[in-house]
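Each chain, letter by letter, is given below.
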Amino acid sequence: MLGTDGRIGNMKKVISFLGLALLGVCAGEQGSEAENALPPVGDAGKALLGPGAPVKKESKEVSAEEAALREAAEKGDAEAQYRLARLIKPEDPSSGVYSMNRGEGENASFALLKRISSESDIEAAKWYLAAAKQGHAKAQYCVALCYDYGDGVEEDKAECVRWYRAAADQGHVLAQFNLASYYYIGQGVKRDVQEALRRFRLAAEAGEVRAQCNMGLFYVLGEEVEQNLEEAVRWFRLAADQGDADGEYNLGLCYEDGEGVPADREEALKWYRKAAEQGHKLAIQRLEVLEPKQQKKP
């Protein structure tokens, strides 16, 4: 999430970017989602790898669990296909292996990082796609992540948006948040701030803290909504009450400046301290201003 300098009254210091905050980390899903979440997949009409992209060879023994899942997956069981993909490739798509390619001559020292897709990336992609095509929302989310990161498939933001939408329309919260982000910045889809707002609101109402912070920022800025600092505070508080550092910081700003709530220095300090305990740099800076350490006498 991004932030700027200044004060909330000047619409400058509130932190929470209306865009790609920690985009699509499957392992970040909460509750029962956590055990059923995770990475990528491909598309029928596209090559699983870009032209000339290397494939990392690998070998492994097949477990009894994998054999059972594979048998069910091959019979068309969507849940088995999804779980098989998770078993084959449990890592998040943003943590892939990279290869360093160096230029020649004058550019020999310039390093270009390029993802290497392993055999497991490609096979996981195949099974995620198989499940996604049957309407499996979590698999659709993982398909989107795959295209988002180019994990086992060629990166394609339009395809990524298509699959985020499929999952989001079934109520997948992180897909909803990521789709809103892409509508806001206009990547992979025509920019549509009103649609971004609508989808951020859906994700925020479902408890996604980054979306809640973003809703607060919409109301601070008065973007696509009438400026309403009380409503901004409500959204920041929802995020803060879940322990989100940006929400805590934003709420601290509101209390410090009396924006949307009566000014309350102690309440501001309380929220700044909570955010600072999580390493929030701007909260730490505010504490240094409001609670300067006593100068030691020589």
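What you see is a predicted model, and the numbers here were worked out from it, not measured in a lab.

### Section: the packing of helix α12 (residues 265-276) against helix α13 (residues 281-290)
With their axes 8 Å apart at the nearest point, α12 and α13 run at an angle of 140° to one another. Looking at the two axes, α12 sits oblique to α13. As α12 runs across α13, the sense of the crossing is left-handed. Contacts between α12 and α13 pair Arg265, Leu269, Tyr272, Arg273, Ala275 and Ala276 from the former with Ala283, Ile284, Arg286, Leu287 and Leu290 from the latter. Among the residues making up the contact of α12 with α13, the classes are represented as eight nonpolar, no polar and three charged.

### Details of the packing of helix α11 (residues 245-257) against α12
In contact at an axis separation of 8 Å, α11 and α12 are set at 160° when each is read in the N-to-C sense. Between α11 and α12, the crossing angle belongs to the class labelled roughly antiparallel. In this structure, the crossing between α11 and α12 has a hand that is left-handed. For the pair α11 and α12, contact is made by Ala245, Glu248, Tyr249, Leu251, Gly252, Leu253, Tyr255 and Glu256 and by Glu267, Ala268, Trp271, Tyr272, Lys274 and Ala275, respectively. For the contact of α11 with α12, a count of residues per class yields nine nonpolar, one polar and four charged.

### Some details on the packing of aromatic side chains
Tallying each qualifying case throughout the model produces seven aromatic pairs. Among the aromatic residues, ring-to-ring pairing joins Phe177, Tyr184, Phe200 and Phe218 into one connected group. Here the guanidinium or amino end of arginine 191 rests over the ring plane of tyrosine 184, the centre of that ring lying 4.8 Å away. One Lys or Arg, arginine 234, reaches over the ring of tryptophan 235 and ends 4.5 Å from the middle of that ring.

### Brief notes about α12
Between the first and last C-alpha of α12 there are 16 Å, a value that for twelve residues agrees with the 16 Å anticipated at 1.5 Å per step. Those residues of α12 that fall on the buried side of the exposure criterion are Glu267, Ala268, Leu269, Trp271, Tyr272, Ala275 and Ala276.

### A short note on the confidence of the model for the chain
On average, the chain scores 77 in pLDDT, and the residues at 70 or more come to 69%. A low-confidence stretch, residues 16-58 (pLDDT under 50), is modelled with 148 contacts involving residues beyond four sequence positions or located in other chains.

Each value, and the rule that gives it
Going along each chain's sequence as written, the residues are numbered from 1 onward. Only residues with pLDDT of at least 70 are given local features in this predicted model, and only at 80 or more are side-chain atom pairs given and counted; all residues enter the totals for whole chains, interfaces and linings. To obtain the side-chain values, all non-hydrogen atoms of the structure were used and water was disregarded. As a rule, the C-alpha atoms of each element are fitted with a line to give its axis, helices using only the stretch in contact, and angles between N-to-C directions run from 0 to 180 degrees. Runs of H or I in DSSP of at least four residues are treated as helices and runs of E of at least two as strands, each being numbered from the N terminus. Roughly parallel refers to an angle under 35 degrees, roughly antiparallel to one over 145, roughly perpendicular to one between 65 and 115, and oblique to any angle outside these ranges. We call a crossing left-handed when the near helix sits turned anticlockwise from the far one by less than a right angle, and right-handed when that turn is clockwise. Between two residues, a contact is recorded if the distance between any of their heavy atoms is within 4.5 Å. Lys, Arg, Asp and Glu make up the charged group, whereas Ala, Val, Leu, Ile, Met, Phe, Trp, Tyr, Cys and Pro make up the nonpolar group; the residues left over, Gly among them, are polar. The pairing test for Phe, Tyr and Trp rings, Trp by its six-membered ring, is centres within 6.5 Å, and the orientation test on the planes gives stacked under 30 degrees, edge-to-face over 60, and tilted for anything in between. Either the NZ atom of lysine or the CZ atom of arginine qualifies as a charge over a ring when it sits within 6 Å of the ring centre and within 35 degrees of the ring normal. By this rule the span expected of a helix is its residue count minus one, scaled by 1.5 Å. Exposure classes here rest on a 1.4 Å probe applied to the protein chains alone. A residue is buried below 20% of its type maximum, exposed above 50%, and partly exposed in between. Per-residue confidence from the predictor is reported as pLDDT, which spans 0 to 100.

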